[in-house]
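Survey of secondary and tertiary structure
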Amino acid sequence: SIGRTAIAGDLGALAAEWGTDAARVALLTAGAPEKPLTLTESAFRGARRSLARVLRTFERTYAADAAPSETLRAACTTMAWRVTHGLAQGRRHSAWTALARFVRDIRRSGEKVDGGMWRAIAQCLYPFAPRHAAELFRRAGGAGLPSGWPAPPARLPPPAQGGVAGFIAGRSCARFTCPAGPPG
């Protein structure tokens, strides 16, 4: 139940104009569940922009053989925890904020991100925007659809490659990429 809702316009027409995923995001993230909800065209516009931002970030940062930093991997696990707990507590707007902020952090980091991390993001996106999540999941190398509510991962799969920073006299001089796993 969404509670008391006032919508400026016909919901079906707004969903047709802005897309069903944008309509879902606008409805699910409009605010705290205990407060009255007022949806306007700007809420739908903002939801559509947010979903487009997720796909643009994927296009700019996805690399199948990427090795995201441990910091980014830990942040992804934290985001998944915040999304799952926000959804479980009925705090959909808090869950969406955690997801949107993590996508923003990826964009700002300049790091390339592997398919495992993007599939985890797609799983967290699924309750909000199933069509966008399915497209993201497929493009990140997933088979089928991300299904059900996301579960917080114990940890993400290991990266395909590991990054090693080179230092001379305490200053970073280069970054090398090495195959992940023990030396063989």
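Preceding this paragraph is the structure being described.
Notes on the structure in this doc start here. Position labels on residues start from 1 in each chain and follow its written sequence. Restriction of local features to residues with pLDDT of at least 70 applies here, the model being predicted, together with a cutoff of 80 or more for giving and counting side-chain atom pairs; totals for whole chains, interfaces and linings are based on all residues. Computation of side-chain values: all heavy atoms of the structure, hydrogens and water removed.

**Some remarks on helix α6 (residues 115-125)**
Each residue's exposure class comes from its accessible area (1.4 Å probe, protein chains only) as a fraction of the maximum for that residue type: buried when under 20%, exposed when over 50%, partly exposed otherwise. By the criteria applied, helices consist of DSSP H or I runs no shorter than four residues and strands consist of E runs no shorter than two, each listed in order from the N terminus. Burial analysis of α6 places nine of its 11 residues in the buried class, the great majority of the element. Looking at α6, one finds that the buried residues are Gly-115, Gly-116, Met-117, Trp-118, Ala-120, Ile-121, Ala-122, Cys-124 and Leu-125. By definition, residues are in contact when any of their heavy atoms lie within 4.5 Å. On its buried face, α6 is in contact with α3 (41-61), α4 (70-88), α5 (92-109) and α7 (130-139).

**A few points about the nonpolar core**
Of all hydrophobic cores here, the largest spans 40 residues; its most connected members are Val-83, Trp-118, Ile-121, Leu-125 and Leu-136. At the level of elements, α2 (20-28), α3, α4, α5, α6 and α7 are the ones that each hand at least two residues to this core. Filtering out sequence-adjacent residues up to four positions away, Leu-125 remains in contact with Leu-51, Val-54, Trp-96, Leu-99, His-132, Ala-133 and Leu-136. Here, nonpolar core means buried Ala, Val, Leu, Ile, Met, Phe, Trp, Tyr and Cys residues that are tied together by side-chain atoms lying within 4.5 Å of each other.

**A closer look at the layout of surface pockets**
Of the voids in this model, the largest pocket is the one considered here, and its volume is about 160 Å³. Contributions of two or more residues to the lining of the largest pocket are made by α4 and α5. It is α5 that contributes the most residues to the lining of the largest pocket, six residues altogether. Residue classes in the lining of the largest pocket are distributed as four nonpolar, three polar and three charged. A cavity, in this analysis, means grid points on a 1 Å lattice covering only the protein atoms where a 1.4 Å probe fits yet has no way out; a pocket is instead an open set bounded by protein on both sides within 12 Å along at least five of seven lines, and a residue lines either one if it has an atom within 4 Å of a point. Grid points are joined across faces, edges and corners, and a volume is the space filled by probe spheres set on the points. When residue character is reported, Ala, Val, Leu, Ile, Met, Phe, Trp, Tyr, Cys and Pro are called nonpolar, Asp, Glu, Lys and Arg charged, and the others, Gly included, polar.

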